[in-house]
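# Examination of the molecular architecture
Below are the chains, spelled out letter by letter.
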Amino acid sequence: MPELPEVETVRRGLAPSMEGAVLKELELRRSDLRFPFPADFARTVSGRGITSLSRRAKYLLIDLDDGMTIVSHLGMSGSFRVEAGASADALGTFHHPRSKDEKHDHVVFHLTGAGDDARVIYNDPRRFGFMDIVKRTDMVSHPFFRDLGPEPTGNELGADYLAKRFAGKAQPLKSALLDQKNIAGLGNIYVCEALWRSHLSPLRAAGTLVTDSGKPSEALQRLVVAIREVIADAIAAGGSSLRDHIQTDGSLGYFQHSFSVYDREAQPCSTPGCSGTVGRIVQAGRSSFYCAACQG
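Scoring rules and cut-offs
Residues numbered from 1 in each chain as written. Predicted model: local features only at pLDDT ≥ 70, side-chain atom pairs only at ≥ 80, totals over all residues. Heavy atoms only, no water. UniProt positions renumbered as here; feature names shortened; annotations may be inferred. 1 Å grid on protein atoms, 1.4 Å probe; cavity = no way out; pocket = protein on both sides within 12 Å on 5 of 7 lines; lining within 4 Å. Buried < 20%, exposed > 50% of the residue type's maximum accessible area, 1.4 Å probe, protein only. Contact = heavy atoms within 4.5 Å. Helix = DSSP H or I, 4+ residues; strand = E, 2+ residues; numbered from the N terminus. Phe/Tyr/Trp six-rings, centres within 6.5 Å; stacked < 30°, edge-to-face > 60°. Polar contact = N/O pair within 3.5 Å; in protein donor to acceptor, adjacent residues only side chain to side chain. Pairing = 2+ DSSP bridges. Axes fitted to C-alpha atoms, helices over the stretch in contact; angles between N-to-C directions.

Per the UniProt record, "active site" (unreviewed entry) is found at Pro-2, Glu-3, Lys-58 and Arg-286. Residues from the named set that contribute to the lining of the second largest pocket are Lys-58. The buried category is assigned to Pro-2, whose relative accessible area is 9%. Setting aside residues no more than four positions away along its own chain, Pro-2 makes contact with Lys-58, Leu-74, Gly-75 and Met-76. Within the element layout of this structure, Glu-3 appears in the segment before helix 1 (4-18). Exposure remark for Glu-3: the relative accessible area of 3% places this residue in the buried category.

Now the structure itself:
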């Protein structure tokens, strides 16, 4: 599933074509994705101006000039592409196979603006993604967003905050970091990478990173820095481009070539001076990759 850096990459790729444009028509080529589209969805948003694109956790947010926001989740295989002048020239060259079958083009944003008209097309072979429309002022209380923790890139995420969340918790650290109520948008890939960077085991109890007085330990402070750095590095590299994920211009991110532990089972650990080997275990149905030698 695309994680926060992938969704941020999509947002940045779509912004030049969508921000400031008018959504002349929203074309729905089926009645649902993972869930049915909202009633009168196409009619409600067609003709509206797009004021901005933003992101919350793994949700792409398309703000309209009437105070409504289109909420899009990519699911497992969703992707967007931009076709300028209704041509397919913007597709580019793909390093990994993805669907180019038009039968998976389920939603088309027909845009008009100062330049050439464009189409933004949402393609989703597995249809695990979804779209909804929410009043922007209601987003804080909306079921999608009301329980989300702070962004890993925001000022709210700090060692003191996590110390309060983790205090007394016997829950494995990996599971605690994947809990969206603790941190919004962190997924399996970048949790594995952050734990490796901070030399912490995914099996360690979250509460052990908090001192008896409730303060963050040095290890927890190190973890917060690692989370920020790995997300920033992944965004700068354009996302990880695993399986079906692509950038909107058709190019792929390259952070996957910088993975230190994720999907590197049985390979040597990248920590300087470490003679360990990357192992793989399963926690709550998800693969955890880590080096037992340097992630104590």
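Once you've had a look at it, read on.
Okay, the side chain of Arg-81 next. Along the chain, Arg-81 turns up in strand 5 (residues 79-84). Residue Arg-81 is classed as buried on the basis of its relative accessible area, which comes to 7%.

Turning to the packing of aromatic side chains, a few remarks are in order. Enumeration according to the criterion identifies eleven aromatic pairs in this entry. Residues Phe-35 and Phe-130 carry aromatic rings whose centres are separated by 5.2 Å and whose planes lie at 55 degrees to one another, so their mutual orientation is tilted. With Phe-35 in the loop between strand 1 (22-28) and helix 2 (41-45) and Phe-130 in strand 8 (residues 130-135), the pair connects residues that are 95 residues apart, well separated along the chain. Note on Phe-130: relative accessible area 5%, which makes it buried. Of the aromatic side chains, those joined through ring pairs into one cluster are Phe-35, Tyr-59, Phe-130, Phe-144 and Phe-145.

Inspection of the secondary structure puts Thr-69 in strand 4 (residues 68-73). At a separation of 2.6 Å, a polar atom in the side chain of Thr-69 contacts the side chain of Asp-63. With near-sequence residues (within four places) excluded, Thr-69 lies in contact with Leu-61, Ile-62, Asp-63, Asp-132, Ile-133, Val-134, Arg-136 and Met-139.

Attention shifts here to the sheet that holds strand 8. The antiparallel open sheet is built from four strands, whose spatial order is 2-3-4-8. Edge positions in the sheet fall to strand 2 (50-56) and strand 8, since each of these pairs with one other strand and no more. Shown here is a sheet whose adjacent strand axes are inclined to one another by a mean of 25 degrees, direction ignored. Pairing of strand 4 with strand 8, which is carried by six bridges, proceeds in the antiparallel orientation. Bridge pairing links Met-68 to Lys-135 in strand 8. Across the sheet, helix 1 touches strand 2 and strand 3 (59-64), and the angle it forms with strand 2 is around 175 degrees.

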